[in-house]
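Residue-level structural notes
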Amino acid sequence: MAHVNDVHIVSTDPLLEPAQLREKIPTTEKEKAFIHKSRETIHNIIFGDDPRELVVIGPCSIHDPEAGYDYARRLKALADECSDQIYVVMRVYFEKPRTTVGWKGLIMDPHLDGSCDLNQGLGLAREVLKSVIEIGLPTATELLDPITPQYIADLISWSAIGARTTESQTHRQMASGLSMPVGFKNSTEGNITPAINAINAASKEQTFLGVDLAGRAAAVTTKGNPDCHLILRGGSSGPNYSAKYVKDSAAKLAQAGLIPAIMVDASHANSSKDPSRQPVVIEDVCKQIANGEESIIGIMVESNIHAGNQAFPQPKEDLKYGVSITDGCIDWETTETMLRDFHQTLKQRNTAVS
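Here goes a summary of the coordinates provided.

Cut-offs and rules
Residues numbered from 1 in each chain as written. Predicted model: local features only at pLDDT ≥ 70, side-chain atom pairs only at ≥ 80, totals over all residues. Heavy atoms only, no water. Core = buried A, V, L, I, M, F, W, Y, C linked by side-chain atoms within 4.5 Å. Buried < 20%, exposed > 50% of the residue type's maximum accessible area, 1.4 Å probe, protein only. Helix = DSSP H or I, 4+ residues; strand = E, 2+ residues; numbered from the N terminus. Contact = heavy atoms within 4.5 Å. Polar contact = N/O pair within 3.5 Å; in protein donor to acceptor, adjacent residues only side chain to side chain. Axes fitted to C-alpha atoms, helices over the stretch in contact; angles between N-to-C directions. Parallel < 35°, antiparallel > 145°, perpendicular 65-115°, else oblique. Left-handed = near helix turned anticlockwise from the far one by under 90°. Nonpolar A, V, L, I, M, F, W, Y, C, P; charged D, E, K, R; others polar. Expected span 1.5 Å × (residues − 1). Phe/Tyr/Trp six-rings, centres within 6.5 Å; stacked < 30°, edge-to-face > 60°. Lys NZ or Arg CZ within 6 Å of the ring centre and 35° of its normal. Pairing = 2+ DSSP bridges. Right-handed = clockwise from strand over helix to strand, strands pointing away.

Let us look at the nonpolar core. Residues Met90, Phe94, Ile152, Phe184 and Phe342 are the most contacted members of the largest nonpolar core, which totals 77 residues. If you tally residues by element for this core, the top one is helix H4 (residues 118-135), at seven residues. Those residues in contact with methionine 90 that lie beyond four places of it in its chain are Ile57, Pro59, Ile62, Gly68, Tyr71, Ala72, Leu75, Val132, Leu137, Pro138, Thr139 and Ala140.

Listed in full, the buried residues belonging to helix H6 (residues 169-177) are His171, Arg172, Gln173, Met174, Ala175 and Ser176. Against the buried residues of H6 lie helix H5 (149-152), strand E4 (158-161), strand E5 (182-185), helix H7 (193-202) and strand E6 (207-211). Here H6 starts with a cap whose side-chain oxygen sits 3.2 Å from the backbone nitrogen of threonine 170, and that cap is serine 168.

All right, on to the packing of H6 against H7 then. Two packed helices can be described by the angle between their axes and the distance between those axes. Orientation of H6 relative to H7, taken along the N-to-C sense of each, is 45°, at an axis distance of 8 Å. Judged by the inter-axis angle, H6 sits oblique to H7. Helix-helix and strand crossings are classified by hand; for H6 and H7 the assignment is right-handed. Contact with H6, carried on its side by Arg172, Ala175 and Ser176, involves Pro194, Asn197, Ala198, Ala201 and Ala202 of H7 and no other residues of that element. Grouping the amino acids of the contact of H6 with H7 by side-chain chemistry returns five nonpolar, two polar and one charged.

In this section: H4. Over its 18 residues, H4 extends 26 Å from the first C-alpha to the last, a length consistent with the 26 Å expected when each residue adds 1.5 Å. Among the residues of H4, Gly121, Leu122, Gly123, Leu124, Ala125, Arg126, Val128, Leu129, Lys130, Ser131, Val132 and Ile133 are the ones counted as buried. Next to the buried residues of H4 lie helix H1 (18-24), helix H2 (29-46), helix H3 (65-81), strand E2 (86-91), strand E3 (139-142) and H5. Immediately downstream of H4, the backbone of glycine 136 shows phi near 110°, a positive value.

Scanning the model with the defined rule gives two aromatic pairs in all. A cation sits over an aromatic face here: arginine 91 above tyrosine 93, 3.8 Å from the ring centre.

Here we take up the sheet that holds strand E10 (residues 296-302). Taken in spatial order, the eight strands close into a barrel running E1-E2-E3-E4-E5-E8-E9-E10, and their pairing is parallel. On average, each strand axis in the sheet is inclined to that of its neighbour by 25°, with strand direction left out of account. Where E5 and strand E8 (residues 228-232) come together, four bridges link them in parallel fashion. In the strand pairing of E8, phenylalanine 184 is matched with leucine 230. The sheet contacts of H2 involve strand E1 (53-58), E2, E4, E8 and E10, and relative to E2 the element is tilted by about 120°. Relative to the sheet, helix H8 (residues 243-255) contacts E8, strand E9 (262-265) and E10, its axis offset from that of E8 by approximately 155°.

Another point: the environment of glutamine 288. Structurally, glutamine 288 can be placed in helix H9 (residues 278-290). For glutamine 288, a relative accessible area of 6% translates into the label buried. Taking C-alpha positions, glutamine 288 is 9.9 Å from tyrosine 241, a pair spaced 47 residues apart along the chain. With residues near it in sequence (within four places) discarded, glutamine 288 still touches Tyr241, Ser242, Ala243, Val246, Glu293 and Ile296.

Here the focus is the packing of H2 against H4. In the contact formed by H2 and H4, the axes pass within 10 Å of each other and the chain directions differ by 75°. The orientation of H2 with respect to H4, classified from their angle, is roughly perpendicular. In contact with Glu31, Phe34 and Ile35 of H2, H4 contributes Lys130, Ile133 and Glu134. Along the lines of polarity and charge, the residues of the contact of H2 with H4 split into three nonpolar, no polar and three charged.

Let us look at the pairing of E2. With six of its six residues buried, E2 lies for the most part within the structure. Strand direction decides the pairing type here: E1 and E2, joined by five bridges, are parallel. The residue bridging valine 56 from the neighbouring strand is valine 89, located in E2. With H3 bridging E1 and the parallel E2, this β-α-β connection has right-handed handedness. With two bridges joining them, E2 and E3 adopt parallel strand pairing. Its bridge partner being in E3, arginine 91 is matched across the sheet by alanine 140.

Right, dumping it as structure tokens:
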């Protein structure tokens, strides 16, 4: 007998229903109020009703929850210090897109051993998000798998659609139904047109295949997400954070009938994947803002307790504390200096305007 079904499938392991996990690790009323307010604040920044700049900052990915809590506590103190000019949201990234293969994030592999215990990973993701919110920081993540939001999206204040998935119809549809603001990155080549098309698509009503809170396959119909914006992250053609790219991007957004709201990602191709160059990118952004550029609504930075990254896989006991196992990051000392400088630039601009 010829086999035509599941020829390459090794196993199929049931997951907890999203509703079951949400019941097991629930969101409190206090947390719900905090998340609602943070999303509202980000909406106001995107649309210019809040004059502050949005700063999405934190580790490239979370692989050690203890170090993540440590980083969050440090960031909370800095966020409070600078809160009159910037609104800080912590990167709490659990899903990592891979060009070929590699560690795909804490949800997929929470034990860092290739065992792919997804039920454990999804639960751990909720616990980490709750711990950051309890500290008093809004959370940000990249949503990669379209099923993941049903498990964790109620704890997220802002999300990104990455350069590899901005052109994906599946992710545009998913974004149209998300309850938080969403940033779309330009393509890996550096082209912003796919991201502009994505923002347009995500703002419209969509119907697509998805899952409900019971984990059942469902036809999902959305009303569209009005809180989407562009993220410039550079590409294979080079960086795109300078004034000419920002102005051109703002003009193209306006031509498409969209809010000219732009976040500059200081990492990835904008820093040529050299984390030590992230402050250079932010310094340039500071100059643009000081010169009156109004389309820049925020920045994104990959930051950790210690600089750089470390090879992985390797034994967990050999991993250095507070060092990324994915993209390289700037260290905490550099983070403090950079955000304080950014804060001072904004304060001087706003003082001059008033």
